[in-house]
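Take a look at the letters that make up each chain.
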Amino acid sequence: MKSQDIRKQFLQFFESKGHLIVPSAPIVLKDDPTLMFNNSGMAQFKEYFLGNGTPKSKRIADTQKCLRVSGKHNDLEDVGFDTYHHTMFEMLGNWSFGDYFKKEAINWAWELLTEVYKIPKENLYVSVFEGNPEENVPFDQEAWDIWKELIDEDRIILGNKKDNFWEMGDQGPCGPCSEIHVDLRSAEEKAAVSGKSLVNNDHPQVVEIWNNVFMEFNRKADGSLEKLPAQHVDTGMGFERLCMALQGKTSNYDTDVFTPLIGKVEQITGLKYTTDDVKNISDDQNKTNIAIRVVADHVRAVAFAIADGQLPSNNGAGYVIRRILRRAIRYGFTFLNTKEPFIHSLVEVLANQMGEFFPEIKAQQQFVTNVIREEEASFLRTLDQGLQLLDKVIAETNGKTVSGDKAFELYDTFGFPIDLTALILREKGFELDEAGFNAAMQEQKNRSRAASEVSTEDWTLIIPGNVETFVGYDQTENEVKITRIRKVDSKKDGVLYQIVLDNTPFYPEGGGQVGDKGILTSSNEIIEIIDTKKENNLILHFAKQLPENSSASFVAKVNTDLRIATSKNHSATHLMHQALREILGTHVEQKGSLVNADRLRFDFSHFSKVTDEEIKKVEAFVNARIEEQLPLIERRSIPIQQALDEGAMALFGEKYGDTVRAIKFGLSMELCGGIHVKNTADIWHFKIVSEGAVAAGIRRIEAITGTAVQNYYTAQESALAEISSTLKNPQDTIKAVVSLQEENAKLKKQLEQLLKEKLDGLKTLLSAEFTEINGINYLAKQVDLSMGATKDLAQSIGSSKPNSFVVLASIDENAPNIHCYIAKELVASNNLNANMVIKELGKYIDGNGGGQPFFASGKGKNSSGIAEALANASNFIK
């Protein structure tokens, strides 16, 4: 059975059981600060489990793109070495929100696996929670009794809290779970060892394929459990493992989920992948297999993340994506002998394979390909640079053990992989101080963890129920009541309080727009709201203090000055998006934005610099729309398909509901939840202040509107007036500047000629000052030149004589510098090294430096040490 059919049968089965089939949420999470990525099927439904929202149906089924590479669920380092862990994977799931519970969930799981998919019952084992007396959670007798009617009791396993009690995180909904495991071993292996003993013991052919979680508790901040008001079902079945079972394979990578990608890697590299069935695999072949599995797995994770809007970068979720891709590149570089970019060519295979069910990968195919290609090229250059740096580290190492700190510096500063460092060191007969590296790594992790550590208390409910309403599109001030509060303590922000209101005019951060600020006022106090965010469908108002009486009535007032300035920038962003597509082409798509009161920042797909002429055209286009005084046409609840049919722009990676809010100014129409001006005339004027690259194929424009434009032009006028005053107020300031530049260029040429003559004269004079020591032409001298000129002179005069050893020093901008030239024949025959000379002489001037064996330079702080340094230079050749 093909993987596409397996997926369809799952969804059709649960549709027949009254479930609403919903699409996968984006793999990248944008409104949940507790998670970077969707790491399980239930992540997109957290608000329903928490009681902060109402699902479209009490029964839902889907297949969710998941990514597990950080935090509690981190499978990255296992990927490739075994045959069943992945970074990105699909989680088939069925959900009940206060509807059916254990009986239906277990019976349907059994029916689907044994009657629809026809998995032999004798190949299946199940587990139930054994209970935990410490937390007063009993043995799951109900699940045991249900399973006893379906499967032999000797195939039911009792599981502990680690294996059979599922939790969303340290806090939140949780409950006992019942797992289903499949034994895919041969009959001979099954006869020799019982599959029951291999369950949850990391056997590659005895694996968990489905987990039925019965949500009935809430984990509080103090670790205690309380009963949820309703019971929920949260199930997850690993799609890749299910395909392995149904296609008669013993490795996920032998299924048609991965074989097209593996085949393409074989074609590119000329290497062969051997299936897990092959016995007596050589060590080299095993390394090849691991590398191919790494590449095939990682390209899926990276491609889908980019398609969903997460670009590789140096921080946050972008760093995780870059790290995954770089792991694939280095495995290809080391074990597949790929020295040129090649992973990007797998995107086409992936798009053809999965584009039917996940159309975003097909629609974004070219963009994803280009981004991965540029990332590959960049990291391959980093690897090349790292190899040179590693050679330098080896040359400077005394003994045969390379410092863990040095290896960590290569890893942390230059991105050079530690396992590649260890491999190269072994090949060259060196060892890595792994303990030192691990200590440095742990120290960095501890610093990072301490900086991001957050302690969140439980909510204190003041008004129970789900009564929150956003009224900010129509009001910036209204009467409110506080419904719940909690305290949050972090290393970064200190102690803050999150306040939820029954109806709020405060816009929560989202869609690139920052959250509103303002105040809550009562009859006797004012509480400052410093930010507004959204989490699990709750609008959180951040304050540094709580009201004396949280049950009192308040007036919520948005800071309208900030709100108005922000709305101008947000509406201008829509107009600029339209302009870029009109002027640069319809390939332009938004890839990120930031809108606040000061400016707007817009990232978009485009593979060349936006020219000055194009920038002027974009500015003119937007300002023409402003002058047209286009009114805002806002539709708050329009069916999404209707909006798309009418030409609304939807952003890849955003999660939209069945109905959406559409914002229209003239021909510009976008799906957007942000705050906008009522008329484009309110923007006043639009000005682009910068344009540049931020990632492969991604450009960034920063622009300003309204008062910021007035301030910009005022500053420009002031700068021009100051320049004119400095130039003695000429009639034509520009002409005067050009004349000054021409005069400066002439003087520069004259100065260069004078310096050349001075250097030639010095070279002639110093050539006569060489002395012979042990057959070496020796010179050590201080000269009155700049650092760059001294360096040039040392190289020039050194190369003019055979067997030369030259040390020149000078003082430039009150800082001493020193340079050493050693003829290459001396480097080879006399074991001399300019790098070591500079390191030693640099001590006299309180400095350091380095370079190559035949030439090195250094800079210091103590000019008075030059004479002593020069006096000791001859010690190296005596």
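Residues numbered from 1 in each chain as written. Predicted model: local features only at pLDDT ≥ 70, side-chain atom pairs only at ≥ 80, totals over all residues. Heavy atoms only, no water.

Student: Describe the overall build of the protein, and please don't skip the residues or the numbers.
Tutor: On a plain count of helices and strands, the protein comes out with 25 helices and 37 strands. Along the three orthogonal principal directions, the C-alpha set of the protein runs to about 105 × 80 × 55 Å. Here the protein holds 878 residues, and 51% of them are scored as buried. Taking the contacts inside the protein whose residues are at least 6 apart along the sequence as the reference set, 68% of them involve residues at least 24 apart. (Helix = DSSP H or I, 4+ residues; strand = E, 2+ residues; numbered from the N terminus. Buried < 20%, exposed > 50% of the residue type's maximum accessible area, 1.4 Å probe, protein only. Contact = heavy atoms within 4.5 Å.)

Student: Could you give an account of the sheet that holds strand β34 (residues 804-812), naming the residues involved and the relevant values?
Tutor: Here six strands make up an open sheet; going across it, the order is β32-β33-β34-β35-β37-β36 and the pairing mixed. Among the strands making up the open sheet, the edge pair consists of β32 (771-773) and β36 (848-852). Averaged over all neighbouring strand pairs, the angle between strand axes comes to 20°, with direction disregarded. Summarising the sheet, β32 and strand β33 (residues 776-782) pair through three bridges and their orientation is antiparallel. Of the residues in β33, the one forming a bridge with Ile 773 is Ile 776. (Pairing = 2+ DSSP bridges. Axes fitted to C-alpha atoms, helices over the stretch in contact; angles between N-to-C directions.)

Student: Tell me about the environment of Ile 106, residues and numbers included.
Tutor: One can find Ile 106 in helix α3 (residues 102-116). Note on Ile 106: relative accessible area 0%, which makes it buried. Through-space distance from the C-alpha of Ile 106 to that of Ile 146 is 7.4 Å; in sequence the pair is 40 residues apart. Apart from residues no more than four positions distant in its own chain, Ile 106 is found in contact with Ala 143, Ile 146, Trp 147, Leu 150 and Phe 214.

Student: Which residues make up the pattern of salt bridges, and what values do they have?
Tutor: Tallying each qualifying case throughout the model produces 41 salt bridges. For Lys 533, the salt bridge identified is with Glu 509, shortest N-O distance 2.8 Å. Residue Lys 533 is located in strand β22 (residues 531-535), and its partner Glu 509 is located in the loop between β19 (503-504) and β20 (518-521); the two are separated by 24 residues in the primary sequence. Relative accessible area serves as the criterion here: at 41%, Glu 509 is assigned to the partly exposed category. Residue classification places Lys 533 among the partly exposed residues on the basis of a relative accessible area of 29%. Salt bridges here are not isolated pairs; linked through shared partners, they connect Lys 102, Asp 140, Glu 142, Glu 216 and Lys 227. (Salt bridge = Lys/Arg side-chain N within 4 Å of Asp/Glu carboxyl O.)

Student: Quick one: what's the story with the sheet that holds strand β26 (residues 600-605), residue by residue and with numbers?
Tutor: Taking strand neighbours across the sheet as the criterion, the four strands line up as β25-β26-β31-β30 in an open arrangement whose pairing is antiparallel. Strands with a single pairing partner mark the edges of an open sheet, and in this sheet they are β25 (590-595) and β30 (686-695). Each neighbouring strand pair of the sheet contributes to a mean axis angle of 15°, computed without reference to strand direction. Direction of pairing for β30 relative to strand β31 (residues 698-705): antiparallel, over a ladder of eight bridges. What sits directly across from Ser 690, in β31, is Glu 702. Its contacts with the sheet put helix α17 (residues 560-583) on β25, β26, β30 and β31, and the angle it makes with β26 is roughly 25°. Against the sheet, helix α20 (residues 706-726) engages β30 and β31, with an angle of about 90° to β31.

Student: Quick rundown of the packing of aromatic side chains? Include the residues and the values.
Tutor: Following the criterion strictly, the structure yields 28 aromatic pairs and no others. Ring geometry for Phe 13 versus Phe 14: centroids 5.0 Å apart, planes at 85°, classification edge-to-face. We note that Phe 13, like Phe 14, is buried. With centroids separated by 5.0 Å and ring planes inclined at 90°, the aromatic side chains of Phe 470 and Tyr 473 adopt a geometry described as edge-to-face. A relative accessible area of 22% places Tyr 473 in the partly exposed class. Its guanidinium or amino end placed over the ring of Phe 430, Lys 400 lies 4.4 Å from that ring's centre, counting from NZ or CZ. Residue placement shows Arg 625 over the ring face of Phe 621; its charged tip is 4.5 Å from the ring centre. (Phe/Tyr/Trp six-rings, centres within 6.5 Å; stacked < 30°, edge-to-face > 60°. Lys NZ or Arg CZ within 6 Å of the ring centre and 35° of its normal.)

Student: Tell me about the packing of helix α13 (residues 365-395) against helix α14 (residues 404-414), residues and numbers included.
Tutor: Look at α13 against α14: their axes get within 11 Å of each other, and the N-to-C directions meet at 160°. For the element pair α13 / α14, the angle class is roughly antiparallel. Judged by the twist between their axes, the crossing of α13 over α14 is right-handed. Across the interface between the two elements, Thr 382, Gln 385, Gly 386, Leu 389, Leu 390 and Val 393 of α13 pack against Lys 406, Leu 410 and Phe 414 of α14. Classifying every residue of the contact of α13 with α14 by side-chain character gives five nonpolar, three polar and one charged. (Parallel < 35°, antiparallel > 145°, perpendicular 65-115°, else oblique. Left-handed = near helix turned anticlockwise from the far one by under 90°. Nonpolar A, V, L, I, M, F, W, Y, C, P; charged D, E, K, R; others polar.)

Student: I'd love a proper account of the pairing of strand β5 (residues 88-97), names of residues and values included.
Tutor: When you tally the buried positions in β5, you get 10 out of 10 residues, the bulk of the element. Residues of β5 alternate between two faces, with Met 88, Glu 90, Leu 92, Asn 94 and Ser 96 on one and Phe 89, Met 91, Gly 93, Trp 95 and Phe 97 on the opposite face, all of them buried. The pairing of strand β2 (residues 59-67) with β5 spans nine bridges and is classified as antiparallel. Pairing of Ile 60 across the sheet is with Trp 95, part of β5. Bridge count for β5 against strand β11 (residues 225-238) is five bridges, and the pairing is antiparallel. By the bridge assignment, Leu 92 is partnered in β11 with Met 237.

Student: Help me get a handle on the side chain of Thr 338, residues and values and all.
Tutor: Mapped onto the fold, Thr 338 is located in the loop between α10 (316-335) and α11 (347-354). A distance of 2.9 Å separates the side chain of Thr 338 from the backbone oxygen of Gly 332, its partner in a polar contact. There is a polar contact of 3.5 Å between the side chain of Thr 338 and the backbone nitrogen of Phe 333. Excluding residues that lie within four positions of it along the chain, Thr 338 makes contacts with Thr 269, Gly 332, Phe 333 and Leu 380. (Polar contact = N/O pair within 3.5 Å; in protein donor to acceptor, adjacent residues only side chain to side chain.)

Take it as geometry only, folks, not as evidence of what the structure does.
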